[in-house]
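The primary structure of each chain is shown beneath.
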Amino acid sequence: MRLRALVRKEFLLMLRDPHALAVLFIMPTLFLVLMAGAMSNYLQDKPPALRLVLEATPNGSYEQAFRVALQAQLPGSELLAQGDARSARISLPADFSETLLDDERQGLALSFPPQLDKLSRQHLRGAVRIALAQTRLLAFLEDNGDLDASLPLAERLALVQQRTQSQIEERELLASGDLSGRANASQLSVPAWLIFGMFFVALPMAGGFQREQQSGALLRFRALDLSLATLALSKLLPYFAINLVQFALLLSIGVHGLPLLGLQGLSLPGSPAAYALLAISLGLATCGLGLLLAALARSAEQALLLGGGINIILAALGGIMVPKSVMPAAMGQLAEVSPMSWALDAFLTLLVGQGSLADIAPHCFRLLLMAALLGGGGWLLFRRRVQQTQWTND
Amino acid sequence: MLELSNIVHRYPGADIPALQGIDLQLQPGQCLGLLGSNGAGKTTLLSLLAGVLPLQQGEIRWDGERSLGLVPQQLAFYAELKVRENLELFADLYRLRGAERTRRLELCIASTALESKLQRRAARLSGGEQRRLNFAIGLLQPARLYLFDEATVGVDAASRQLLLGAVERLTGEGHAVIYTSHYLDEIERVAQRIVLLHEGRVRLDLDSRQLLGDSHGLLLEWQNGEPAGLRELLGKLHLSAETLPGGLRIAALDGPQLLEITRFLAERPELPHLLRFGRPSLEQLYLRLNGGRL
């Protein structure tokens, strides 16, 4: 009866605290959507469609072949004869066809507008190299008489492409390695900001305890002989439940909400049990941190500053704010100290690495170990704090 | 109902114990007004009774089960909960159920005149209304002993009368009360017994009627102590006197007795520097007994 009343009280207080609701639900949702949108070009699976200007002699024989070969490498992109300053530009030399097989030929030129991102540039460079190599091979085969130059261009290029086609077998070692580098924007943003938001339960949890102590409510509880276990559980249970709601809600936004905004939606491969294990491990870890913070802080303001500071540092270290794939090796190693990194690795193992419950078990074990250590330490300090509660402050 | 024997409590690092051998007894239906300046040991004593501090030395004996209601000085409720939600929460914590729960809730709400505020968030109540809610939460608890610690600070006059009436009802129903306040007129009204703590000891423990009395008393003080022969005169007049620092107090005397005493004093070489005849207020007594300290 007492525990149920205290848990109900925590929920009521939470629902009436707009700041806590904003920190727990609105902030991670906003971050999730904004960062998924901001990184959608940088971390996309498909190469981006481009608008290109190809400057070449209009009727040159191999200029035509180059154009067709390049278009085949850039599906969805437009090759224009003219364009504005915002378009990337490929300039073939005037004697492109004549000097194609010469050793000392003049090279072609690529011009990139400033706004063109790094991935598009790399993609364009690769496409131009392949198209140029195929055009040169076409010229070589025709020059040697190995290819009938009277055949239609499309047919001749198809023959060249057959000869240049590579059979490369790719094998993914799933559920291992640096998965953040292979994740798309949604696979990175959704779990990252979900984890960040879940860790923020420590703030209202600790702040509420401080207010309870300052108001004297804790004094009434002590005079009532309310057990410490009831008191601690009355904090842990509601915030653990809120963590589970955050987990489900933010994943749903990733799956169903992002596509509505024109962003790539999240798919959730793997077993539901694996997600459940991850949610429980993560929830227990954040509640353990919350209990420790509640015991350590001496005021609601201190809990806010301490909790916010710890969370931001853990997020910066743990690959939440900057993907670990772009971190230098030393920073990547340092990231391993952050529990947010453990949780993110578990998520990426499921989302990108197609991992199973067994694959994420080591990450979850670390989170549970953290929950036990911080929760255990928090419990001892919390007990001391409650016992130190004085009658009045004067 | 409650007996405290030789209670000693020393805070870590303190040279002098906060309480140095307190002996007290409290009966059902009795309201004990606890007085003392800051640091006298009131808070420590209340904390020990409430179980907030561990008992280091001495004994607290309850005649039956420990049963304690509490109205602290702090506004010990949840500002973002409505008045009714606060009361319901504490009713659950006090394990009140069924008809008893309904009865106590209605009684507490009526005693503190909060009927029209039940759906209002506690944070939006006036200062006096918040005090009343704090009071109501304490009264809601079924207990044999209630502790009130500066429970009426900042309360308007009308609300104070209401709350003091609630305390008087408690004692009338046979509950014991320990009441501390800096408003000594409140203690004068509700307490049947007054205990003055000074430097961790009981300096005075008297029935309030005995202390204040209905009849007129005489208070005398001298710079260099009372004159020789005064006690013999009082004996002849069948009067008893309580010794105070620098003087004495005669609880009740009539006109002829007063005349005899003043005649005797007028013939002495040193006249008293203070002579007050009349019905003293608790505040006057307290200031005098406590050396002018509040």
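Here the residue numbering is sequential within each chain, running from 1 through the sequence in written order. Chain A is the first chain written and ligand 1 is the first ligand written, with later ones labelled in order. At least 70 in pLDDT is required for a residue's local features to be given in this predicted model, at least 80 for side-chain atom pairs to be given and counted, and no such filter applies to totals for whole chains, interfaces and linings, which use all residues.

1. Describing the overall build of chain A
So, step 1. From N to C terminus, chain A includes 14 helices and 4 strands.
So, step 2. Against the compact-globule benchmark of 21 Å for 394 residues, chain A has a radius of gyration of 30 Å, which places it well outside the compact range.
So, step 3. C-alpha atoms of chain A, sized along the principal axes, occupy 100 × 40 × 35 Å.
So, step 4. Looking at chain A as a whole, 39% of its 394 residues are labelled buried. Under the DSSP-based scheme used, a helix requires at least four consecutive residues in state H or I and a strand at least two consecutive residues in state E, with every element numbered from the N terminus. C-alpha atoms define the radius of gyration in this analysis, and the globule rule sets the expected value at 2.2 Å times the number of residues to the power 0.38. With C-beta atoms placed from the backbone, the exposure class of a residue follows from how many other C-beta atoms lie within 10 Å of its own: 20 or more, buried; 12 or fewer, exposed; in between, partly exposed.

2. Some remarks on the domain arrangement of chain A
So, step 1. Here the limits of each domain have been adopted from an automatic or database domain assignment. Along its sequence, chain A is carved into domain 1 (2-42 + 183-387) and domain 2 (51-164).
So, step 2. One C-alpha centre belongs to domain 1 of chain A, the other to domain 2 of chain A; they are set 52 Å apart.

3. Observations regarding the domain arrangement of chain B
So, step 1. As far as domains go, chain B holds domain 1 (2-206) and domain 2 (215-278).
So, step 2. Taking the mean C-alpha position of each, domain 1 of chain B and domain 2 of chain B sit 39 Å from one another.

4. Quick word on the nonpolar core
So, step 1. When buried Ala, Val, Leu, Ile, Met, Phe, Trp, Tyr and Cys residues are joined through C-beta atoms within 7 Å, the set is termed a nonpolar core. Core analysis: the largest hydrophobic core is formed by 144 residues, its most contacted members being Ile-195 of chain A together with Ala-136, Leu-147, Val-167, Val-177 and Tyr-179 of chain B.
So, step 2. Among the elements that take part in this core, helix H10 (residues 272-296) of chain A stands out by supplying 13 residues, more than any other.
So, step 3. Residue contacts for Ala-136 of chain B: discarding those within four places in its chain leaves Leu-87, Cys-108, Ile-109, Ser-111, Thr-112 and Leu-114 of chain B.
So, step 4. Of all hydrophobic cores here, the second largest spans 21 residues; its members include Leu-54, Leu-70, Ala-131 and Leu-157 of chain A. It is the C-beta atoms, placed from the backbone, that decide contacts: two residues are in contact if theirs lie within 7 Å.

5. Some thoughts on the sheet that holds strand S2 (residues 19-26) of chain B
Residue and element names in this part refer to chain B.
So, step 1. Strand pairing is assigned whenever DSSP detects at least two bridges linking the two strands. Pairing is antiparallel in the open sheet, where 3 strands are placed in the order S2-S1-S4. In the strand order of this sheet, the two ends are held by S2 and strand S4 (57-62), each with one partner. Each strand axis lies, on average, 10 degrees off the axis of its neighbour in the sheet, ignoring direction.
So, step 2. Relative to S4, strand S1 (residues 2-9) runs antiparallel, the two sharing 5 bridges. Bridge pairing in S4 links Val-8 to Gln-57. With axes taken as lines fitted to C-alpha atoms, and helix axes fitted only over the stretch in contact, angles between N-to-C directions fall between 0 and 180 degrees.

6. A word on the interface of chain B and chain A
So, step 1. Each side of the interface is counted separately: chain B has 22 residues, and chain A has 22 residues.
So, step 2. Ten residue types, Ala, Val, Leu, Ile, Met, Phe, Trp, Tyr, Cys and Pro, are classed as nonpolar, four, Asp, Glu, Lys and Arg, as charged, and the remainder, Gly among them, as polar. Residues of the side of chain B that touches chain A, tallied by class, amount to 13 nonpolar, 5 polar and 4 charged.

7. Considering the packing of helix H6 (residues 185-199) of chain A against helix H13 (residues 339-351) of chain A
All names here are of chain A.
So, step 1. Relative orientation of the contacting elements H6 and H13 amounts to 145 degrees, with a least axis distance of 10 Å. As H6 packs across H13, the resulting crossing turns out to be right-handed. Taking contact as the criterion, the partners of Gln-187, Pro-191, Ala-192, Ile-195, Phe-196 and Phe-199 in H6 are, on H13, Met-340, Ala-343, Leu-344, Phe-347, Leu-348 and Leu-351.
So, step 2. For the contact of H6 with H13, the class distribution of residues is 11 nonpolar, 1 polar and no charged. Two helices cross in a left-handed way if the nearer one is turned anticlockwise from the farther one by less than a right angle. They cross in a right-handed way if the turn is clockwise.

8. Quick notes on the sheet that holds strand S10 (residues 217-221) of chain B
Residue and element names in this part refer to chain B.
So, step 1. Spatially, S11-S12-S10-S13 is the arrangement adopted by the 4 strands of the open sheet, whose pairing is antiparallel. Strands at the two margins of the open sheet, each flanked by one partner only, are strand S11 (241-244) and strand S13 (274-278). Within the sheet, the average angular offset between the axes of one strand and its neighbour, ignoring direction, is 15 degrees.
So, step 2. Note that S11 and strand S12 (residues 247-250) share 4 bridges and pair antiparallel. Pairing of Ala-241 across the sheet is with Ile-250, part of S12.

9. Points about the confidence of the model for chain B
Residues and elements named next belong to chain B.
So, step 1. Each residue gets a pLDDT score, which is the predictor's confidence in that residue and runs from 0 to 100. On average, residues of chain B score 87 in pLDDT, and 92% of them reach the 70 mark or higher.
So, step 2. Looking at the elements of chain B, mean pLDDT is at its lowest for helix H10 (residues 282-289), recorded as 64, and at its highest for helix H2 (residues 83-93), recorded as 96.
So, step 3. Interface confidence for the predicted complex, given as ipTM, is 0.74, next to a pTM of 0.72.

10. Details of the packing of H13 of chain A against helix H14 (residues 357-387) of chain A
Residues and elements named next belong to chain A.
So, step 1. It is at 9 Å that the axes of H13 and H14 come closest, and there the two elements cross at 155 degrees. If you check the angle between H13 and H14, you find them roughly antiparallel. Where H13 crosses over H14, the handedness of that crossing is left-handed. Across from Pro-339, Trp-342, Ala-343, Asp-345, Ala-346, Thr-349 and Leu-350 in H13, the residues of H14 making contact are Asp-359, Ile-360, His-363, Cys-364, Arg-366, Leu-367 and Met-370.
So, step 2. Class assignment of the residues belonging to the contact of H13 with H14 gives a composition of 9 nonpolar, 2 polar and 3 charged. Here the angle decides the label: under 35 degrees means roughly parallel, over 145 means roughly antiparallel, 65 to 115 means roughly perpendicular, and every other value means oblique.

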